[in-house]
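Letter by letter, the chains look like this.
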Amino acid sequence: NCIVIRCLARLYAYFSFINIFGFFVLCPAGYPCALVYRRFLFYQPATVIHLFHTFSGLALAAFNFGSQIYHSAVCVLVQFLMLRLMGRTVTTVLSSFTFQMVYLLAGYYYTATGEYDIKWTMPHCVLTLKLVGLSFDYYDGGKEPSQLSSEQRIAALPSVPSLLEVCGFSYFYGGFLVGPQFTLRSYQKLVAGELSDCPGKPPNSVIPAMKRFALGFLCLVVYAIFSPYYADSYFLTDEYDAQPFWYRCVFILIWAKVILYKYVSCWVIAEGVCILSGLGYNGVVDGEHKWDACANMKVWRFETTPLFGGTISSFNINTNAWAARHVFKRLKFLGNKSLSHVATLLFLTFWHGLHSGYILCFSMEFFIITVERQALALVRDSPLLSKLANSTLYPLIYVVQQFLHWLFMGYPLVPFCLFTYDKWLKVYSSIYFCGHVFFLVAFLIMPYIRKVLVPKKERSETKQD
């Protein structure tokens, strides 16, 4: 009985947190909103649908943040005026990017503390990407199709949207509070009733949506049960410092797995809302209707991949795709992928906030991915390592690889979650900066290992490539 009571208490505490975050609202309100749209509004004129999406999203925002919803209203209005008055110009794109990012960063500056703050800036960072992406898509709409990539052609806007259309897009209840990112063209197709496996009728998406809700709720329960045992605050206690080195490292590994379920549950349940409304419809692949257009998580890959790159590509997918489409690929003129990668991570760093922990997290991510790519190339080019990777010993290798993978996935998450210099430095000092040491040593010795394990012919071909 005591165990049951404790579990219920943890769930209640977590739901209290979620209630502020907007997630608790998404569960009871996001799904009914989608059902109302399907049942009563699917065949209504676009104006009615835009109004419903606008006021339902505003209601969720007002419930969570009260009068502070004026911040989003200001940015939406300014964005609309930029599109109307400045037209399809580079100046519009640069002005939009500058205004929206400066407004967000100012919000971070004036509201941030050293703790995990649940304030208007959380949904606003999602809105910032939407509005900046809107300016890019409007600009692309003025180009010849031959000048655009396939992604840009799909998202390009043929005409300037109305204010009501921009509001409906911005406040759509399935993506305003926690994402995912989607384009105005996708939203327009939703309103036009085009995102359905039954043309002209509401989509058969109830079961796919409920599956995502169930999966998200399961992740929510896992987080609610285990998070009290693996709290961020434990890192800063004398008890943590008194533990053996191996224990401190293993704690980071388990803590990382648990803490990420907070985001997994959030995005998967929000995805279910988008699927239920039809926004998640992604056409037919191999004769099967797909509902993953708004997928922000590939949960199976997230749980099973032994690669850092695999985890990153399965996590916060739509935000990463947005950054790739609007930052990384548009920096092609730099002529250097590494430089474009660094610039993209720098953008994501400041988009998350102004704490030093974000800078350390994303810089460490770049370093880890660089070393992993070198290691994968080494395994591919070395006959001995390739044979070993495909041998009967692979299950054992996989276990070791997963241990290292999650240990060092948790390592950069420490400053990401602790935010400030004094906190993350204390933790890193207690584990002797083992992640930095491990990857620095790996980076330095990798060329010498290649010389030993990779035949000279393969080394020459790699250099030529």
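Residues numbered from 1 in each chain as written. Predicted model: local features only at pLDDT ≥ 70, side-chain atom pairs only at ≥ 80, totals over all residues. Heavy atoms only, no water.

A few words now on the overall build of the chain. Along the backbone of the chain there are 22 helices and two strands. Against the globule reference of 23 Å for 465 residues, the chain gives a C-alpha radius of gyration of 24 Å, in line with a compact fold. Its C-alpha atoms put the chain at 65 × 65 × 50 Å along the principal axes. Summarising the internal contacts of the chain: among those between residues at least 6 apart in sequence, 73% fall at separations of at least 24. For the chain, the exposed surface amounts to about 22,100 Å²; the carbon and sulfur share of it is 68%. With 37 positive and 25 negative side-chain charges, the chain shows a spacing of 3 Å between the two charge centroids. (Helix = DSSP H or I, 4+ residues; strand = E, 2+ residues; numbered from the N terminus. Rg over C-alpha atoms; globule rule 2.2 N^0.38 Å. Contact = heavy atoms within 4.5 Å. Areas by Shrake-Rupley, 256 points an atom, 1.4 Å probe, with all protein chains shown as cover. Lys, Arg positive; Asp, Glu negative; His and termini not counted. Charge placed at Lys NZ, Arg CZ, Asp CG, Glu CD.)

For any pair of aromatic rings, the description rests on two quantities: the centre-to-centre distance and the angle between the ring planes. Tallied over the full model, the rule gives 45 aromatic pairs. Aromatic pair F302 and F315: ring centres 5.9 Å apart, planes at 25 degrees, arrangement stacked. You can see F302 sitting in helix α13 (residues 299–304) and its partner F315 sitting in the loop between α14 (308–313) and α15 (317–328), a full 13 residues away along the chain. A single burial state applies to F302 and to F315, both of which are buried. For the ring pair F308 and F439, a centre distance of 5.9 Å and an interplane angle of 75 degrees mean the geometry is edge-to-face. (Phe/Tyr/Trp six-rings, centres within 6.5 Å; stacked < 30°, edge-to-face > 60°. Buried < 20%, exposed > 50% of the residue type's maximum accessible area, 1.4 Å probe, protein only.)

This next bit is on α15. For α15, the set of buried residues is I317, N318, T319, W322, A323, R325, H326 and V327. On the buried face of α15, the contacting elements are α6 (121–140), α7 (150–155), α14 and α16 (337–352).

Glancing now at the packing of helix α12 (residues 245–277) against helix α19 (residues 394–418). Pairs of packed helices are described in terms of their axes, by the angle between the two and the distance that separates them. Two numbers describe how α12 lies on α19: the axes approach to 8 Å, and their chain directions differ by 70 degrees. Regarding the angle of α12 to α19, the classification is roughly perpendicular. Where α12 crosses over α19, the two elements pack in a sense that is left-handed. Where α12 abuts α19, its residues C249, V250, I252, L253, W255, A256, K257, I259, L260 and Y263 lie against F403, W406, L407, G410, Y411, L413, V414, F416 and C417. When the residues that make up the contact of α12 with α19 are grouped by side-chain class, the tally is 17 nonpolar, one polar and one charged. (Axes fitted to C-alpha atoms, helices over the stretch in contact; angles between N-to-C directions. Parallel < 35°, antiparallel > 145°, perpendicular 65-115°, else oblique. Left-handed = near helix turned anticlockwise from the far one by under 90°. Nonpolar A, V, L, I, M, F, W, Y, C, P; charged D, E, K, R; others polar.)

For T349, the position within the fold is in helix α16. The class of T349 is buried, set by a relative accessible area of 4%. Not counting the four nearest positions on each side in its chain, T349 is found in contact with Y358, I359 and F362.

Here we come to the pattern of salt bridges. Evaluated as defined, the whole model comprises seven salt bridges. Here R330 and D140 are joined by a salt bridge, their closest N and O atoms 2.7 Å apart. On the criterion of sequence distance, the pair formed by R330 in the loop between α15 and α16 and D140 in helix α6 is long-range, its members being 190 residues apart. The buried category is assigned to D140, whose relative accessible area is 1%. Between K329 and E151 there is a salt bridge whose closest N-O contact spans 2.9 Å. With a gap of 178 residues between them, K329 in the loop between α15 and α16 and E151 in helix α7 connect regions that are remote in the sequence. By relative accessible area, K329 is classed as partly exposed at 45%. Under the relative-accessibility criterion, E151 is labelled partly exposed at 34%. One salt-bridge network, held together by shared partners, links R380, D381 and R450. (Salt bridge = Lys/Arg side-chain N within 4 Å of Asp/Glu carboxyl O.)

Sequence positions flagged by UniProt for "transmembrane region" (unreviewed entry) are, in local numbering, residues 12–31, 93–112, 213–230, 245–264, 334–351, 391–409 and 429–449. In the segment residues 213–230, helix accounts for 78% and strand for 0%; the C-alpha atoms at its two ends are 25 Å apart. With 100% helix and 0% strand, residues 245–264 has end C-alpha atoms that lie 29 Å from one another. (UniProt positions renumbered as here; feature names shortened; annotations may be inferred.)

For helix α5 (residues 90–111), which comprises 22 residues, the first-to-last C-alpha distance of 32 Å matches the rise-based estimate of 32 Å (1.5 Å per residue) to within 8%. Within the span of α5, buried status applies to T92, V93, S96, Q100, M101, Y103, L104, G107, Y108 and T111. Axial view of α5: buried residues confined to an arc of 150 degrees, hence all on one face. Residues L94, V102, Y109 and Y110 are exposed on α5 and point more than 90 degrees away from its buried face. (Expected span 1.5 Å × (residues − 1). Arc of directions from axis to C-beta.)

The next subject is the confidence of the model for the chain. Overall, the prediction assigns the chain a mean pLDDT of 89, with 91% of residues at 70 or greater. Every residue in residues 1–6 is under pLDDT 50, and counting partners more than four places away or in other chains gives zero contacts. Confidence over residues 8–26 falls short of pLDDT 50; this stretch has 48 contacts with residues more than four positions distant or in other chains. (pLDDT = per-residue confidence, 0-100.)

So, about the environment of T98. Following the sequence through the fold, T98 ends up in helix α5. Judged by its relative accessible area of 47%, T98 falls in the partly exposed class. Sequence separation of T98 and Q188 is 90 residues, and the distance between their C-alpha atoms is 26 Å. A polar contact of 2.8 Å, which involves the side chain of T98, links it to the backbone oxygen of L94. (Polar contact = N/O pair within 3.5 Å; in protein donor to acceptor, adjacent residues only side chain to side chain.)

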